[in-house]
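Here's the letter readout for the chains.
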Amino acid sequence: MTGFQREGRALACDGVALEPIAAAHGTPLYVYSSAAIAARYRAIDGAFAGYPHAIHYALKANSTLAIARLLRDLGSNADANSGGEIDVALRAGFTPGQIVFTGVGKTNDELARAIDLGVRSINVESEGEIARVDALSRQRGVRTTIAVRINPDVDARTHPHISTGLKTNKFGIPLGDVPALCARTRDRANVEIVGLHAHVGSQITSLEPLQHAATALVDLARALAAAGTSIRHLDIGGGLGVSYDGSPVPDAQDYANAVLPILRQAGLSIVLEPGRHVIAPAGALLTRVIDVKPAGDDRLFVIMDAGMTELIRPMMYNAFHRIEPVVRSDAPENSCDVVGPLCESSDTLGRNRMLPRPEVGQLYAVLDAGAYGSVMASNYNRRLLPAEVLVEAGAARVIRRRQTLEDVLALEA
Ligand SMILES: Cc1ncc(COP(=O)(O)O)c(C=O)c1O
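Everything quoted here is computed from the prediction, not taken from an experiment.

Parameters at a glance
Within any chain, residue numbers begin from 1 and follow the written order of that chain's sequence. Side-chain atom pairs in this predicted model are given and counted only at pLDDT of 80 or more, local residue features only at pLDDT of at least 70, and totals for whole chains, interfaces and linings cover all residues. Hydrogens and water are ignored here; the side-chain numbers use all heavy atoms of the structure. The axes are straight lines fitted to the C-alpha atoms, using for helices just the contacting stretch, and the angles between their N-to-C directions are given from 0 to 180°. In this description a helix means any DSSP run of H or I spanning at least four residues, a strand means any run of E spanning at least two, and both kinds are numbered starting from the N terminus. Here is the rule for angles: anything less than 35 degrees is roughly parallel, anything more than 145 is roughly antiparallel, 65 through 115 is roughly perpendicular, and the remaining ranges are oblique. Crossings are sorted by hand: turned counterclockwise from the far helix by less than a right angle, the near helix makes the crossing left-handed, and turned clockwise it makes it right-handed. Residues count as neighbours in contact if any of their non-hydrogen atoms are within 4.5 Å of one another. For this classification, Asp, Glu, Lys and Arg are treated as charged, while Ala, Val, Leu, Ile, Met, Phe, Trp, Tyr, Cys and Pro are nonpolar and the rest, including Gly, are polar. Each residue's exposure class comes from its accessible area (1.4 Å probe, protein chains only) as a fraction of the maximum for that residue type: buried when under 20%, exposed when over 50%, partly exposed otherwise. To estimate how far a helix should extend, the number of its residues minus one is multiplied by 1.5 Å.

A.B. asks: Residues and numbers for the packing of helix α2 (residues 34-47) against helix α9 (residues 252-263), please.
C.D. replies: Two numbers describe a pair of packed helices, the interaxial angle and the distance between the axes. At a minimum axis separation of 8 Å, α2 and α9 run at an interaxial angle of 25°. Comparing the axis directions of α2 and α9 gives the class roughly parallel. α2 and α9 meet at a crossing whose hand is right-handed. Contact residues: A43, I44 and A47 in α2; A252, Q253, A256 and L260 in α9. Residue composition of the contact of α2 with α9, grouped by class: six nonpolar, one polar and no charged.

A.B. asks: How would you explain the packing of helix α5 (residues 108-117) against helix α6 (residues 127-140) if you had to name every residue and give the values?
C.D. replies: Remark: α5 packs on α6, axes separated minimally by 10 Å, with the N-to-C direction vectors making an angle of 55°. Comparing their axes, α6 and α5 come out oblique. Relative to α6, the crossing made by α5 is right-handed. Contacts between α5 and α6 pair N108, L111, A112, I115 and D116 from the former with E129, R132, V133, L136, S137 and R140 from the latter. For the contact of α5 with α6, the per-class residue count stands at five nonpolar, two polar and four charged.

A.B. asks: Which residues make up unusual backbone geometry, and what values do they have?
C.D. replies: For the peptide bond that leads from T27 to P28, omega is -10°, which places it in the cis range. Secondary-structure assignment places P28 in the loop between α1 (18-25) and β4 (29-33). Here the phi dihedral of D14 falls at roughly 50°; this positive angle occurs in a residue that is not glycine. Turning to its location among the elements, D14 is positioned in the loop between β2 (10-13) and β3 (16-17). The exposure class assigned to D14 is partly exposed, which follows from its relative accessible area of 26%. Phi at R157 takes a positive value of approximately 55°, unusual for a residue other than glycine.

A.B. asks: Give a detailed account of the environment of M1, specifying residues and quantitative values.
C.D. replies: Of note, M1 is situated in the segment before β1 (4-7). Put simply, M1 and A36 are 35 residues apart on the chain and 8.3 Å apart in space, counted from C-alpha to C-alpha.

A.B. asks: Any details on helix α8 (residues 207-226)? Residues and values, ideally.
C.D. replies: Helix length check: α8, at 20 residues, gives a terminal C-alpha distance of 29 Å against a target of 28 Å (1.5 Å per residue), a fit within 8%. Listed as buried for α8 are L207, P209, L210, A213, A214, A216, L217, V218, L220, A221 and L224. Residues of α8 that are buried make contact with β9 (144-151), α7 (178-185), β11 (191-197), β12 (233-235) and α9. Just past α8, the residue G228 takes up positive phi, approximately 100°.

Here is the structure:
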């Protein structure tokens with residue numbers, strides 16, 4: 001087993017105890033398991049083995065350079081969602097041909113950079129974007145490969161903020177509009193449609209929406225081929241969820257078993273853009289108790305040195321994360337609201353948790369914080385971005401140092 005396990009009373013990451021890591025590097029601190037990242041990446045790759053596929057890890061989930069490099073070394077390609085992520089991908093060693101560029105609002109500068117680099121595909125989200133890619137490519141005398149992101153009007157049955165495949169969501173092009181749009185695009189000399197793309201949401205834990213999206217892609221690819229537009233790949237996006245609370249959810253093999261029989265019918269290679277499924281359980285956020293006080297009923301407020309600035313998911317998506325003392329305690333249990341230090345009542349990591357009565361200074365782990373944790377961190381209240389540590393081959397290595405106030409103020413006049 002890789003990742004975060006107890007060794008006796010103490011929580012460890014791949015056998016390396018967390019308490020000494022926190023003592024050495026301070027808190028709040030993100031800790032990642034290199035072995036868990038590798039195992040999770042390989043599980044997806046293995047599940048789709050035997051069918052032509054390319055995994056483009058979604059950098060938006062966690063793009064710390066060392067993590068991006070680790071995934072590249074494992075054989076991954078990259079899904080970049082901004083000019084910044086393209087540049088991080090390049091610095092991590094991905095070649096332009098290994099990058100797909102996604103995103104609902106790409107600026108002309110970002111598109112021009114992607115065109116100049118010659119990324120594998122720009123996943124376009126509107127006819128207006130196709131026109132801009134065409135014009136920018138014409139200025140450069142090149143033909144740019146694009147994939148058309150469809151909006152299949154699928155309910156991903158996930159939190160509304162991370163549902164992206166309904167017609168009321170801002171993403172993609174309505175399915176019914178795509179054939180005519182592709183026919184018009186054939187007249188454009190400087191773009192070539194090489195793929196169709198769908199991404200219907202994140203933290204998806206039922207397979208039907210993913211099957212529905214796959215079916216929409218396959219049917220459309222066939223209709224387009226019949227009308228003279230032959231594409232090369234179907235990009236099925238990311239979205240496969242993880243279990244934050246221990247309840248059973250589909251794994252990579254279940255996912256492949258569900259979608260491959262559908263995708264095979266098109267006979268096209270596939271692109272996958274997993275983010276969360278690769279990295280969420282491979283990371284934890286370590287935080288120490290600053291204060292404990294009565295909450296006015298029988299609960300306690302446990303005030304941590306990490307909050308919404310280090311992990312915004314509970315506040316933004318009402319997301320559940322397991323919160324555990326790093327060293328198990330025999331203190332009697334009490335219902336606790338585990339909160340951060342920020343000046344917002346929504347700055348809460350977990351409500352009504354039964355925990356051994358916490359003590360000031362005690363170290364806690366917020367589990368499954370590898371995805372959409374550090375990448376969504378902020379400097380609100382002038383807080384400083386935490387350090388990040390990667391546990392690899394029995395040792396903990398700092399992969400991002402803690403931000404200093406000087407780093408922050410360096411940008412200011
Ligand atoms: C286009 C696209 N691809 C991939 C992903 C990664 O999703 P996830 O982390 O749920 O796998 C996202 C995230 O929302 C996305 O917008």
